[in-house]
Each structure stands twice: as structure tokens, then as C-alpha cells.
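# A structural walkthrough
Given next are the chains, with one letter for each unit.
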Amino acid sequence: MVFSSNVFLFLFLPLFLIIYYLLPFKWRSAWILLGSYALYSWWRVDFLWLLIAITVVSYWFGLVLGRQPDGQRRRWTLVTAVVLNLAALGYFKYANFGIESFNAITQSLGFQPFAFTPILLPIGLSFFIFHAISYIVDVYRREEPPTHKLLDFAAFIALFPHLIAGPVLKYNLLADQFRTRTHTLEKFSYGATRFMTGFAKKVLIADTIAPLVTAAFNQPNPTMADAWLGALAYTLQLYFDFSGYSDMAIGLAAMMGFKFPENFNHPYISRSITEFWRRWHMSLSSWLREYLYISLGGNRKGRARTYLNLWLTMVLGGLWHGANWTFVLWGVWHGSILAVERRMKEASLWKPSPAWLTIPGTMILVMLGWVMFRADNVPDAFRMYGGMLGLNGVGLSDTLAWQVKGSVLLTMLLAAVLVYVAPLWGQRVGDVGSRLLKPALAVGATVTLLPLFVLAVMKLSAQSYTPFLYFQF
């Protein structure tokens, strides 16, 4: 069951919220857990055992780490807990990839491939494994005391607004909120508004652009116009799909009295790749920095090791997105650029440049990376790169032209305005500090949002099932 589905909107969510607010506070964690497990079971009930097992094992290791004194034995307890979590992730997410890669090598050498039955990837696995690991490591570092409330911890791991596709949260961000949180009409209204905003972004913008993206990336020999149009369309689709999901998650949490951190901050106005990663999927960037980059040594072991750690963090972060060489190369691309930018700044070679130059330059680097991220395999990605270089002609091909409809181009134009003009204009309004304009804009946005949400619901009912792009991770 996804947030952008009629069964969620008109059955699950109203029923869940009505009972949630009828229950006394002490029973709400249990209801959250029950509702989250029900939502997860809607996909595959037989994989619920894995979610429960990860929860119980991580909870138990947290208690053990909390009792043990510092020393070698405690370190081994940490390693065991993390390895068990990663083993589950490795088996379900990377076993197919490993065996297929092994078979490709053996077949190229003339040997018979290893026969195996593909393993199904449980939905949301990457996210709840990261939630569990962050809790274990925080307890080990004594940044968070081990919780003795299994019910609250299980509700945190399974909390349905972030269960399937994040944001990636630390337990200490929500631990106090499970103990006490406020429920006000103002907070609920904010949550509903935020949810409707994300829903409209997903259904009206991302889903409208999606057919053009699919057609462009399926072109066997894309022209320059095909390839660049496809890359631009995917750049917009991914942002409005994933940020729309994050808006919906933040809104749902607010309706239940929780406060989630923001996950996006206008990433496409970044002036460097370093800045881009401070604005894009911020919860994942923070997780990778705290639990991977720092664990690798961070910047504490010299310059060369710092660049290597940056690079490795992004490569592993790329691999986290999916078991495919495209994600590994996407991580290599970003890790290499981050290392180069860091080196240039340390060598005082990084000079301030105007926004009209750095924002488009950064966007081109990001778009080139998204091509590899979106492609089904590496040869397909390089076919797109060949098209971007004009190796198959320049103009729009006839096979793609029929997908370039006026409504799609208008949606892309609107999306570009929201991406580039809206944040700069909003900043300008903030700088002016108008006391009259801001409330007027807020009222205007609310009045506009409601019909857009109704329109999105009607469009959702008419179109086929379109899951969020990050559900595959």
C-alpha cells in the first residue's frame, strides 16, 4: 500500500487517525505499531517476520551494549550486531547481484553459470536496516541510552510514514516524542497541508513527466535532443517524486504529533556538488557522514585518506541505492567530484563564481549522474551519453516526438519554475520582510492547494499504479 493510492487515502489513513485520536496516549504506540505492520503486510505478510526479527535483535543488542563496560568485548558486540543487520541486507539485496556478476565472469571464461533462484527484495529493507544500525551505533558511542521500551522502539522502526522510503531517522530524534508529544489542531492542519502538497507534487508533476522519461530512456539510439530532454525530464521527475514522498511522510508524522526533519532544501540551486549533497536527501547524507564517513576515519588521517574516505562513502552510498553497477558508477561519479572539490578548496583553487555560472554547471554534473542512476544497465547509460554528444543526430526523433505533448512540456516548465524561481523569490520576500505579503501568500497557497489536491486524486483514480521511485531501494 503506497501513500498515493485510493485505499490508503480513503480507507487506511482515515481509519487509522480516527482510532489513534480516540485512544489514550499510553496506547498510541501500540496502535502505531499495529497500523504500521498492517500497512507493511499489505505488500507481503510473509516478510513481516524479517522486520520483527531486525527490531527484536537490534533492541536486544542495544540492551547488551548498554550494560557492557568499554573494551574489546563491547566492540565485538557492536561488530556482531552491525554484521547481522548487514548480512540480512546483503542476502536480500545483493545476493542476486553477486551471483549474476559471478556468472558473467565465469561465462566469459567458458564455464557454466551457477544456477540459482532469484531472491525477492523486501520493500523498505534498506531503510529499516539503517534505522536499526544507527540506534546500535549511537548506544555503543553512548550518545543514546538503550531503550527498555520494546514497544516504542518497534513503533519507531516500523513507523509507517518513514518505513518504506525514509527519511532515514535516528532513534534519538524521536525517542522523546514517543514519551511525550503534543497534538494540536495547528499541527494537524500543517501536516494535512504538507501531505497534500507532496501528493500533488507526486501525482500532478512527477507522474505526468514519467512517460516521457521512460520513452527517452528506452530509445535504442537517442539523438542529442532525445537524450538531453530525457535527462532533464528525469531530473525533474525524480525530485518531485522523492521530495513529494518526503513531504507526505513529514505531513503524516505531523498529523500524529511527530516532527520529522526536512529531507530537501532546494537542491537544484546548489553551486557545487558539495552543496548539492547538503541539500539533497539530507537524512541519508547525514547518516552516511555520521556512520560511514566518520567510521572510515573521516578527515582525521591525513588529506589523502580524507579524499579516499569521501570517495568510498559515496561509492558505498551508491551501492546502497541498488544492486547494480549503474549505482556503483553513480557513486564513483559523485565521490570523485566531491574529492576534487575538497582538494581545490584546500589548495585555495576554489574561487567564488557568479550563480548564473555555477548553478547551471552544477546542474549539468547532476544530470550526467542521474543518467547513470536511471539507466537499466551501464551500456544503456553510455547509449544515452552517446546521444547527449550527438552521435546519433541532433534533432528530436520521430519515435520520441509523439510523447512530447503540450501538457508534458507545460508541466516541465511549471516544475522548473518551482525548482528555480520559487526559492529565489521566497528568499527575496523574506529579505524584504513584508508583514502583509507573507500572510497573503500563505492564504493564496492554501486556497490553491485544495483544488490541486482534488485534481490529483481524480488523476490518481484515472491512471495506472505508479509507485514512488525510491520504493525500489
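Calculation criteria
- Residues numbered from 1 in each chain as written.
- Predicted model: local features only at pLDDT ≥ 70, side-chain atom pairs only at ≥ 80, totals over all residues.
- Heavy atoms only, no water.
- UniProt positions renumbered as here; feature names shortened; annotations may be inferred.
- Helix = DSSP H or I, 4+ residues; strand = E, 2+ residues; numbered from the N terminus.
- Rg over C-alpha atoms; globule rule 2.2 N^0.38 Å.
- Contact = heavy atoms within 4.5 Å.
- Areas by Shrake-Rupley, 256 points an atom, 1.4 Å probe, with all protein chains shown as cover.
- Domains from an automatic or database assignment.
- Buried area = accessible area lost by both parts, 1.4 Å probe.
- Salt bridge = Lys/Arg side-chain N within 4 Å of Asp/Glu carboxyl O.
- Polar contact = N/O pair within 3.5 Å; in protein donor to acceptor, adjacent residues only side chain to side chain.
- Nonpolar A, V, L, I, M, F, W, Y, C, P; charged D, E, K, R; others polar.
- Expected span 1.5 Å × (residues − 1).
- Buried < 20%, exposed > 50% of the residue type's maximum accessible area, 1.4 Å probe, protein only.
- Axes fitted to C-alpha atoms, helices over the stretch in contact; angles between N-to-C directions.
- Left-handed = near helix turned anticlockwise from the far one by under 90°.
- Phe/Tyr/Trp six-rings, centres within 6.5 Å; stacked < 30°, edge-to-face > 60°.
- Parallel < 35°, antiparallel > 145°, perpendicular 65-115°, else oblique.
- Patch = residues over 30% accessible without salt bridge, like charges linked within 9 Å, V, L, I, M, F, W, Y side chains within 5 Å.

- Per an unreviewed UniProt entry, the protein goes by the name Alginate O-acetyltransferase complex protein AlgI and belongs to Deinococcus humi.
- Looking at the protein in UniProt, the text filed under Subcellular location (unreviewed entry) is "Cell membrane".

## Quick notes on the overall build of the protein
- Along its length, the protein carries 19 helices and 0 strands.
- Its C-alpha atoms give the protein a radius of gyration of 23 Å, within 12% of the compact-globule value 23 Å for 473 residues.
- Projecting the C-alpha coordinates of the protein onto the three principal axes gives extents of approximately 65 × 65 × 50 Å.
- For the protein, contacts bridging at least 24 residues in sequence account for 77% of all contacts bridging at least 6.
- Accessible surface computed for the protein: about 22100 Å², of which carbon and sulfur atoms make up 68%.

## Some thoughts on the domain arrangement of the protein
- We note that the domain assignment places domain 1 (6–181) and domain 2 (187–271 + 353–462) within the protein.
- If you average the C-alpha positions of domain 1 and of domain 2, the two centres end up 29 Å apart.
- Listed per partner, the contact involves 24 residues of domain 1 and 20 residues of domain 2.
- With both sides pooled, the region where domain 1 packs onto domain 2 buries about 1800 Å², and carbon together with sulfur makes up 77% of that total.
- Three residues, L9, P161 and P167, lead the burial of domain 1 against domain 2; their summed loss comes to 28% of the area buried on that side.
- In this assembly, domain 1 and domain 2 are joined by 0 salt bridges.
- Counting across the domain 1 and domain 2 interface gives 7 residue pairs in polar contact (both at pLDDT 80 or more).
- Among the elements of the structure, α1 (6–22), α7 (160–163) and α8 (171–179) are those that each provide at least two residues to the side of domain 1 that touches domain 2.
- Of the residues in the side of domain 1 that touches domain 2, the class split is 19 nonpolar, 4 polar and 1 charged.

## A look at helix α2 (residues 28–43)
- Here α2 contains 16 residues, and its C-alpha end-to-end distance of 23 Å stays within 8% of the 22 Å for a straight helix at 1.5 Å per residue.
- Residues of α2 that are buried include every one of R28, S29, W31, I32, L33, G35, S36, Y37, L39, Y40 and S41, and no others.
- Tucked inside the fold, the buried residues of α2 contact α1, α3 (48–67), α5 (125–140), α6 (150–158), α7 and α8.

## Let's talk about the UniProt feature "transmembrane region" (unreviewed entry) in the protein
- Sequence positions flagged by UniProt for "transmembrane region" (unreviewed entry) are, in local numbering, residues 7–27, 47–64, 76–94, 114–138, 310–333, 353–373, 408–425 and 437–458.
- Split by type, residues 7–27 is 76% helix and 0% strand. Its first and last C-alpha atoms lie 25 Å apart.
- This span, residues 353–373, is 90% helix and 0% strand, and a straight line between its end C-alpha atoms measures 28 Å.

## Regarding the environment of V447
- Take V447: it is sitting in helix α19 (residues 437–462).
- By relative accessible area, which is 55% here, V447 ends up exposed.
- In sequence terms V447 and S295 are 152 residues apart; their C-alpha atoms lie 48 Å from each other.

## Observations regarding unusual backbone geometry
- Residue R142 is not a glycine yet carries a positive backbone phi of 60°.
- Since its relative accessible area comes to 44%, R142 is described here as partly exposed.

## Concerning the packing of helix α10 (residues 224–255) against helix α16 (residues 378–388)
- α16 packs onto α10 with a crossing angle of 120° between their chain directions and a minimal axis gap of 7 Å. Seen from above, α10 lies across α16 with left-handed handedness. Between α10, through M224, A227, W228 and A231, and α16, the contact on the second element is made entirely by M384, G387 and M388.
- Looking at the contact of α10 with α16, its residues break down into 6 nonpolar, 1 polar and no charged.

## Things to note about the side chain of S126
- By the secondary structure assignment, S126 is in helix α5.
- Given the relative accessible area of 1%, S126 is considered buried.
- In this structure the side chain of S126 is engaged in a polar contact, spanning 2.5 Å, whose partner is the side chain of K93.

## Here's the deal with the side chain of T147
- With respect to the secondary-structure elements, T147 resides in the loop between α5 and α6.
- For T147, the contacting residues outside a window of four places in its chain are Y59, L63, Y135, F153 and Y171.

## As for the pattern of salt bridges
- Going through the model one piece at a time under the given rule, you end up with 15 salt bridges.
- A salt bridge links R44 to D46, with the nearest nitrogen and oxygen atoms 2.7 Å apart.
- The salt bridge partner of R142 is D70, with a shortest N-O separation of 3.0 Å. Taken together, the residues R142 in the loop between α5 and α6 and D70 in the loop between α3 and α4 (72–108) connect sequence positions 72 residues apart.
- D70 sits in the exposed class, given a relative accessible area of 61%.
- Through salt bridges with shared partners, a single ionic network connects R194, K201, D247 and E262.

## So, the packing of aromatic side chains
- One pass over the full model with this rule turns up 49 aromatic pairs.
- Seen in terms of ring centroids, F242 and F264 are 5.2 Å apart; in terms of plane orientation they differ by 90°. Their pairing is edge-to-face. Here F242 is found in helix α10, whereas its partner F264 is found in the loop between α10 and α11 (273–279), with 22 residues between them in sequence.
- Judged by relative accessible area, which is 13%, F264 ranks as buried.
- Aromatic pair F382 and Y385: ring centres 5.6 Å apart, planes at 75°, arrangement edge-to-face.

## A word on the packing of α2 against α3
- Between α2 and α3, the shortest axis-to-axis distance is 9 Å and the interhelical angle comes to 140°. Here α2 lies oblique to α3, going by the angle between them. Touching Y37, Y40 and S41 of α2 are L48, L51, I52 and T55, all from α3.
- For the contact of α2 with α3, the class distribution of residues is 5 nonpolar, 2 polar and no charged.

## Structural notes on a nonpolar patch on the surface
- There is a patch of nonpolar side chains on the surface, built from L410, L413, V417 and V421 and spanning about 370 Å² of accessible area.
- Mapped onto the elements of the fold, V417 is located in helix α18 (residues 406–432).
- The class of V417 is partly exposed, set by a relative accessible area of 37%.

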